[in-house]
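# Geometric and topological summary
Each chain, letter by letter, is given below.
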Amino acid sequence: MTATPIGKEIQAPGSGAGRPLPVRLTIGLLRRLGLTGRGLVILVPYVWLLLFFLIPFAIVLKISFSEAAIAIPPYTALLEWTEEAFLTIKLNFGSYIFLLTDSLYAVAYLNSLKIAFVSTVLCLLLGYPMAYGIAKSPTSWRGPLLMLIILPFWTSFLIRVYAWIGILKQEGLLNNLLLWLGVIDTPLQILYTDVSIYIGIVYSYLPFMILPLYATLEKLDDTLLEAAADLGAKPFGAFLRVTLPLSVPGIVAGSLLVFIPAVGEFVIPSLLGGPNTLMIGAVLWNEFFANRDWPVASAVAIALLLFLVVPIMLFQYYQGKQQEAAKQ
Amino acid sequence: MMRRSSFVLGVMAFGYAFLYVPIILLIIYSFNESRLVTVWGGWSTKWYVGLLHNQQMLSAAWLSLRIAAISATFSVALGTLAGMAMARFGRFRGRVLFGGMITAPLVMPEVITGLSLLLLFVSLEQLIGWPEGRGITTITIAHVTFTMAFVAVIVQSRLVSLDESIEEAAMDLGARPAKIFFVITLPIISPAIVSGWLLAFTLSLDDLVIASFVSGPASTTLPMVIFSSVRLGVTPEINALATIIVALVTTGIIVAGVMMARQERIRRIDEQMAASSNG
């Protein structure tokens, strides 16, 4: 792509005429500053994101190096003027040392990674056949079937998670059903275990897995499968050798869309998880809201980000590639 | 078209049931006379009546709706600009960073976004005295920031799949960039803008974590009220609330879908007429 038509500076016939003088002057001034229409289109969202997305991370990093104090806001300043009028920086690694020494944090990080990983695999196992089925449906069916995948996503996430409490609890519907069917003799403890967290995450994030998978599977060329069949491949063999490898971008994008937010999930473990399931999102929440220890909460956030940098960059890479692919 | 195996059909049936059974159960039990989930005490609308008299819930809902409407509108404006820059401007300085800042919020864990924005607001208040305390303004800014990424991606994919030649033709004919945008690009991407607005609206209405970090004592949003009452135990009033939300969302989506289909049809007829009058 070489042409960039919108906002591109061209001297179109009569482009200055017909506008009131103040408007022309303002446009001239903005151009002098290097701000054309095109520049402004980029600049406005750019500045917004710098200010409200990127700079906040720097502040989190800064506060993670300060000390908790009984003050408003509850942390010490990093930069201080000493008596000799020197500006000194006091870096305090206390919060990080605390994270390393208290095993609670390591356990919570590992547990979050484990739960997010297992949920992602479960999501993929359920989502792939569904996306495949939708992509292979008659064309007129695909829209409604996709709509049904997205529809729950538009209703309150909190309430949908809450719905599972009534289903999973000891005297809940699932246990009653299993008892009635005679599968079990005594009610199972499902709610407040890891299993209920898996169910909650798979349930809430399934659309995020299905949509990118569907996008790649739908574009797949059916003639490739026909060619494989002509060459004697059985349907499942053709699936393994043709469909599956070609849908890898969708698998990666969907898995990352589930895995990354699931690692820091707070609502699902706090509603469906038990006292023994530590997840790092809930730990950060408690450090902040219950202990009011802002530096440790910041350090927890920075450490979590470090775990997620690679997956996030991978996600961006695939996201960019998908947009490129759509262009052709 | 390939034949779908019975395995795939079975998984699909299970998957759709998995998605819908909890919602259907909520709706059924919102009409249950009994407080217990497992006991059917007969039809009743008393939880709806109770909901209407729950002043705390109602004012929180009103606050959340206002924040959602304002932040979705800002988010659509900023997200559309960002999506255009990504789809149409080719290379520009800082594009990699820009792209990163647009896609990262899609997956960023909410606790991180919430904490970082709160610390920003606190630092800003110390530095320049703004924003004074935390409340509607800070929640709105936070929601605009994390929802504009979704709008940008939707607008970007719509623009990428769109034929650029119409815009190029208009440019060749001497139309100003702003005019091209309002007369040609905007109408074509309007479905993306509508769905972006709806998505931003729902995400904002739904957000518990980020809002909890950046809200003040006087600004309790609906998800915060729901969360605290759910933590105390099962309350049938929440079932009634869920039913109302599901009904509203379903109606809204059907109306939007019908309207968009009609617009698409009109556009197609217009194109056909234009083509036939040329030919």
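Only a predicted model underlies this, so the values are computations on that prediction, with no experimental measurement involved.

Right, let's get into the pattern of salt bridges. Scanning the model with the defined rule gives five salt bridges over all chains in all. A salt bridge links A:K114 to A:D194; its shortest N-O distance comes to 3.5 Å. Note that A:K114 is positioned in helix α4 (residues 103-135) and A:D194 in helix α8 (residues 194-219), a separation of 80 residues in sequence. The partner of B:E167 in a salt bridge is B:R88, and the shortest N-O contact between them spans 2.9 Å. Note that B:E167 is positioned in helix α7 (residues 165-172) and B:R88 in helix α3 (residues 55-88), a separation of 79 residues in sequence. For the pair B:E167 and B:R88, one class covers both residues: buried. If you follow the salt bridges from partner to partner, you end up with B:R88, B:E164 and B:E167 in one network.

We now examine the interface of chain A and chain B. Contacts between the two partners involve 104 residues from chain A and, on the opposite side, 99 residues from chain B. Note on chain A versus chain B: buried area summed over both sides is about 9,400 Å², and carbon and sulfur give 80% of it. Along the contact surface separating chain A from chain B lie zero salt bridges. For the side of chain A that touches chain B, the element with the highest residue contribution is helix α2 (residues 37-64) of chain A, accounting for 19 residues.

Before going further, it helps to examine the domain arrangement of chain A. All names here are of chain A. In terms of domains, chain A is made up of domain 1 (21-89) and domain 2 (99-327). Relative placement of domain 1 and domain 2: their C-alpha centres are 35 Å apart. In this complex, domain 1 contributes 11 residues to the contact, which on the side of domain 2 involves nine residues. If you sort the residues of domain 1 by the area they bury against domain 2, V60, S64 and P74 come out on top, with a joint share of 49%. Seen at the junction of domain 1 and domain 2, the total is zero salt bridges. On inspection of domain 1 and its partner domain 2, the count reaches zero residue pairs in polar contact (both at pLDDT 80 or more). Within the side of domain 1 that touches domain 2, the residues separate by chemical class into eight nonpolar, two polar and one charged.

Grouped together as the largest cluster of nonpolar side chains are 167 residues, with contacts concentrated most on A:M130, A:I134, A:I159, A:F266, B:F98 and B:F213. Of the residues forming this core, the biggest block, 14 residues, is contributed by helix α14 (residues 294-327) of chain A. When neighbours within four sequence positions are excluded, A:I159 is seen to be in contact with B:L26, B:I226, B:I238, B:L241, B:A242 and B:I245. Membership of the second largest hydrophobic core comes to 21 residues, among which are B:A87, B:L159, B:I184 and B:I193.

Moving on: the packing of α3(B) against helix α6 (residues 136-160) of chain B. Residue and element names in this part refer to chain B. Closest axis-to-axis distance for the α3/α6 pair is 5 Å, and the angle between their directions is 40°. By the criterion of interaxial angle, the relationship of α3 to α6 is oblique. Here α3 and α6 pass one another in a crossing that is right-handed. Of the residues contributing to the contact of α3 with α6, the split by class is 19 nonpolar, nine polar and one charged.

Let us now look at the domain arrangement of chain B. One widely used convention gives an interface's size as the accessible area the parts lose upon coming together. Domain annotation for chain B reports domain 1 (8-44) and domain 2 (56-237). Each of domain 1 of chain B and domain 2 of chain B was reduced to a C-alpha centroid, and the two centroids are 33 Å apart.

Cut-off values and rules
- Residues numbered from 1 in each chain as written.
- Chains lettered and ligands numbered in written order.
- Predicted model: local features only at pLDDT ≥ 70, side-chain atom pairs only at ≥ 80, totals over all residues.
- Heavy atoms only, no water.
- Salt bridge = Lys/Arg side-chain N within 4 Å of Asp/Glu carboxyl O.
- Helix = DSSP H or I, 4+ residues; strand = E, 2+ residues; numbered from the N terminus.
- Buried < 20%, exposed > 50% of the residue type's maximum accessible area, 1.4 Å probe, protein only.
- Contact = heavy atoms within 4.5 Å.
- Buried area = accessible area lost by both parts, 1.4 Å probe.
- Domains from an automatic or database assignment.
- Polar contact = N/O pair within 3.5 Å; in protein donor to acceptor, adjacent residues only side chain to side chain.
- Nonpolar A, V, L, I, M, F, W, Y, C, P; charged D, E, K, R; others polar.
- Core = buried A, V, L, I, M, F, W, Y, C linked by side-chain atoms within 4.5 Å.
- Axes fitted to C-alpha atoms, helices over the stretch in contact; angles between N-to-C directions.
- Parallel < 35°, antiparallel > 145°, perpendicular 65-115°, else oblique.
- Left-handed = near helix turned anticlockwise from the far one by under 90°.

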